[in-house]
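Observations on chain architecture
Next come the chains, spelled out residue by residue.
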Amino acid sequence: MRSLILGLAAAIAVAPAARGQEPGHDVLLDTEAGAIILDLDYGRAPVTACNFVRYVQQGDYARGTFFRTVVAATNANPNPIDVIQAATPRGSDDALRPPIPLERTSVTGLRHVAGAVSMARDGPDTATSSFFIVTQDAPSLDFGGGRNPDGQGFAVFGHVVVGLDVARAIQMRPTDGQEQLTPPVLISAAVMLTPPPAVCGA
């Protein structure tokens, strides 16, 4: 059944390109809550987008989870946000590959609007594999915003083109009271729908 779902979603995502209309989409996240399809911004955030692609191509998100939800209405932080966060099976501090430089929104021009896909991090230049989807506009995650005390913001590298409703449904699932989803939402597979551009290398 999962292979059938993946096949159908892939066909839907790339069909417009085959008809000579808009380009096909980039990545399918097949979750137990439904499919989420992403477009990546290789032009404005090449380091971050290509880093994400490497994890996808190596199958690192398969059997990973959306494990965390933040809901602004119930968030005590003075800069509340609405996001869901994902990780590989190795967790949000996955050290399989080295961290990447932070592509600040002040440079890329990208913003943490609803549907944005961005990298989780601690300090600047520490992001590895954990990413999050913004479900409602969250300017405090941009450069100069107050969500991270260092004010450097987070690196947007793509956006949801199909399945923002799925992300919002995941966000509202039960938690342990500490922003951890109970249970976490399984990512069955992450699949490239179109090959990455040359900027990502071989």
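Now for a look at the structure at hand. Please read these numbers as outputs of a predicted model, since none were measured by experiment.

This part is about the pattern of salt bridges. Taken as a whole and assessed by the stated rule, the structure comprises six salt bridges. Glu179 is the salt-bridge partner of Arg68, the closest N and O atoms lying 2.9 Å from each other. Linking Arg68 in strand E3 (residues 64–70) with Glu179 in the loop between helix H4 (164–171) and strand E8 (180–192), this pair joins segments that are 111 residues apart in sequence. Exposure remark for Arg68: the relative accessible area of 22% places this residue in the partly exposed category. For Glu179, a relative accessible area of 24% corresponds to the partly exposed category. The closest approach of N and O atoms between Arg121 and Asp150, which form a salt bridge, is 2.8 Å. Here Asp150 lies in the loop between strand E6 (131–134) and strand E7 (156–162) and Arg121 lies in the loop between strand E5 (116–119) and E6, a separation of 29 residues in the sequence. Note on Asp150: relative accessible area 29%, which makes it partly exposed. Through salt bridges with shared partners, a single ionic network connects Asp60, Arg90, Asp94 and Arg97.

Among the residues of H4, Leu164, Val166, Ala167, Ile170 and Gln171 are the ones counted as buried. Down the axis of H4, the sector holding all buried residues measures 155°, keeping them to one side.

This brings us to helix H2 (residues 46–57). The terminal C-alpha atoms of H2, which comprises 12 residues, lie 16 Å apart, in line with the 16 Å expected from a rise of 1.5 Å per residue. Regarding H2, the residues found buried are Thr48, Ala49, Cys50, Asn51, Phe52, Val53, Tyr55 and Val56. Looking at the buried positions of H2, the neighbouring elements they touch are strand E1 (27–31), strand E2 (34–40), E5, E6, E7 and E8. One or two positions beyond H2, positive phi appears at Gly59, with a value near 75°.

Position of Arg97 relative to the elements: it lies in the loop between strand E4 (83–87) and helix H3 (105–108). Sequence-wise, Arg97 and Asn51 are 46 residues apart; in three dimensions their C-alpha atoms are separated by 9.3 Å. One polar contact links Arg97 to Asp60, side chain to side chain, over a distance of 2.6 Å.

Okay, the packing of aromatic side chains next. In this structure the tally under the stated criterion is seven aromatic pairs. Both rings, one in Phe66 and one in Phe131, keep their centres 5.9 Å apart while their planes meet at 80°; by these two values the pair is edge-to-face. Of this pair, Phe66 sits in strand E3 while Phe131 sits in strand E6, and the two are 65 residues apart along the sequence. No difference in accessibility class separates Phe66 from Phe131, as the two residues are buried. Taken together, the aromatic side chains of Phe52, Tyr55, Tyr61, Phe66, Phe131 and Phe157 make up a single cluster linked through ring pairs. Looking at Arg97, its charged tip hangs above the ring of Tyr55, at a distance of 4.6 Å from the centre. One cation-aromatic arrangement involves Arg121 over Phe154; the distance from NZ or CZ to the ring centre is 5.0 Å.

Moving on, we come to the environment of His159. Inspection of the secondary structure puts His159 in strand E7. Residues His159 and Asp41, 118 residues apart in the sequence, show an inter-C-alpha distance of 8.1 Å. Leaving out residues up to four positions away in the same chain, His159 has contacts with Ile37, Leu38, Asp39, Gly115, Ala116 and Val117.

Take the layout of surface pockets next. If you add up the space inside the largest pocket, you get close to 400 Å³. Lining the largest pocket are 20 residues, with Arg68, Gln85, Ala120, Arg121 and Phe154 positioned closest to its centre. Those elements that provide at least two residues to the lining of the largest pocket are E3 and E4. For the lining of the largest pocket, the per-class residue count stands at eight nonpolar, seven polar and five charged.

Cut-offs used in this document
Residues numbered from 1 in each chain as written. Predicted model: local features only at pLDDT ≥ 70, side-chain atom pairs only at ≥ 80, totals over all residues. Heavy atoms only, no water. Salt bridge = Lys/Arg side-chain N within 4 Å of Asp/Glu carboxyl O. Helix = DSSP H or I, 4+ residues; strand = E, 2+ residues; numbered from the N terminus. Buried < 20%, exposed > 50% of the residue type's maximum accessible area, 1.4 Å probe, protein only. Arc of directions from axis to C-beta. Expected span 1.5 Å × (residues − 1). Contact = heavy atoms within 4.5 Å. Polar contact = N/O pair within 3.5 Å; in protein donor to acceptor, adjacent residues only side chain to side chain. Phe/Tyr/Trp six-rings, centres within 6.5 Å; stacked < 30°, edge-to-face > 60°. Lys NZ or Arg CZ within 6 Å of the ring centre and 35° of its normal. 1 Å grid on protein atoms, 1.4 Å probe; cavity = no way out; pocket = protein on both sides within 12 Å on 5 of 7 lines; lining within 4 Å. Points joined across faces, edges and corners; volume = space filled by probe spheres on them. Nonpolar A, V, L, I, M, F, W, Y, C, P; charged D, E, K, R; others polar.

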